[in-house]
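Observations on the model geometry
The lines below spell out each chain.
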Amino acid sequence: MTREDVERAAAARAGTAVPAGIAAPAATAVPAAAPAAGDRRLAIRRAIAAAMERANREIPHYYLATSIDMSQALAWLEAENARRPLPERLLVAALLLRAVALAVADVPEMNGTWEGGALRASAEVHLGVAVSLRGGGLVAPAIRSAQAKDVGVIMRELRDLVRRARASGLRSSEMGTATLTVTNLGDAGADALFGVIHPPQVALVGFGRVAERPWATRGRVEARPVVGASLSADHRASDGHRGALFLAAIDRRLQRPEAL
Amino acid sequence: MTREEIRSAVLEALAAVAPEADPASLDASAPLREQLDLDSMDFLNFVIGIHERTGAEIPEADYAKLASLEHAVAYVEARCAGGG
């Protein structure tokens, strides 16, 4: 019995397409016929269960974490939002996503899929965004070719994806196609998270909330906004040293928000 | 806009991000984010929804003034009365 069997069975029983980006692409073609909310929730739960079981069975994860000073990024964001009309204002999440998409250029082996015993790196960064659903569950639709989209475009697509994910209006083409996923717990969340990779991807970047912390610099301690960033990566595809460089590359991008 | 019209516009904007919320059981003076488990994206969409329905300009620095239903209605009322 394969994971696809499990997902198909879950989908058939619930009368809907498997809705999560963490599900197999093969299982996403069934059109959803307005399933009841309870059925959809059950299908999502089962898709998560199948993908996470496979991830922990097959992927030898390693985990790295770092704290990133967000003062530059937040100062830039505040000034930028002051001049943007309301519907075009940015959230810090858009900056984090953009920084990850750009950092892939420095460490490309974080972006791709593990297939047939080898890493298949992707030239495009299809950035999966884990979106928690009201009342539980999550889906991870992708922002396609995020490396080529500026922060305003990423924000617009993120808003649209979150809105439609929570209203169960995602297209199957947006599911199961990510090459790297970002989980952002947001400002109500914990300080850091260590995620489970969505197979067949090879890495997942996690962000906790941005919070003011003591930050030592040039022999002094200052209060600064800091975000806990983590990397869960597949040890078959990369090693800790490269993973650390990837987190450092994300940090570097966030220190130059005007270039995002 | 009357206070009642503003109130229903705010409730509509809220229903768009938290469709399961029951306005009748909402504590009008308590923070909406905690009551309804809204994240920053939900809250931004709530503020945009108010803007679209009432025309009120809402700078980011003022988001905190819309924390509860009561506060949001009072804020929009003041903005509308003050000419935007």
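It should be noted that the structure appears before, not after, this text.
Residues numbered from 1 in each chain as written. Chains lettered and ligands numbered in written order. Predicted model: local features only at pLDDT ≥ 70, side-chain atom pairs only at ≥ 80, totals over all residues.

The step from Pro199(A) to Pro200(A) runs through a cis peptide bond, and the omega angle for that step is 5 degrees. Turning to its location among the elements, Pro200(A) is positioned in the loop between strand S8 (180-184) and strand S9 (203-217). Located in the positive-phi region is Arg218(A), a residue other than glycine, with phi close to 45 degrees. Relative to the helices and strands, Arg218(A) resides in the loop between S9 and strand S10 (220-234). A positive phi is found at Asp37(B), a non-glycine position, where the angle reads about 55 degrees. Look at Asp37(B) and you get partly exposed, because 14 C-beta atoms sit within 10 Å. (Helix = DSSP H or I, 4+ residues; strand = E, 2+ residues; numbered from the N terminus. Buried ≥ 20, exposed ≤ 12 C-beta atoms within 10 Å, placed from the backbone.)

Interface size is commonly expressed as the accessible area that is lost once the parts come together. Counting residues at the interface gives 13 residues for chain B and 13 residues for chain A. Of the residues belonging to the side of chain B that touches chain A, the class tally is seven nonpolar, three polar and three charged. (Contact = placed C-beta atoms within 7 Å. Nonpolar A, V, L, I, M, F, W, Y, C, P; charged D, E, K, R; others polar.)

A separate point is the packing of helix H4 (residues 92-103) of chain A against helix H6 (residues 240-254) of chain A. Residues and elements named next belong to chain A. Look at H4 against H6: their axes get within 8 Å of each other, and the N-to-C directions meet at 125 degrees. The orientation of H4 relative to H6 falls into the category oblique. Regarding H4 and H6, the two cross each other, and that crossing is right-handed. Contacts between H4 and H6 involve Leu-95, Ala-99, Val-100, Leu-102 and Ala-103 from the former and Phe-246, Ala-249, Ile-250, Arg-253 and Leu-254 from the latter. A class-by-class count of the residues in the contact of H4 with H6 yields nine nonpolar, no polar and one charged. (Axes fitted to C-alpha atoms, helices over the stretch in contact; angles between N-to-C directions. Parallel < 35°, antiparallel > 145°, perpendicular 65-115°, else oblique. Left-handed = near helix turned anticlockwise from the far one by under 90°.)

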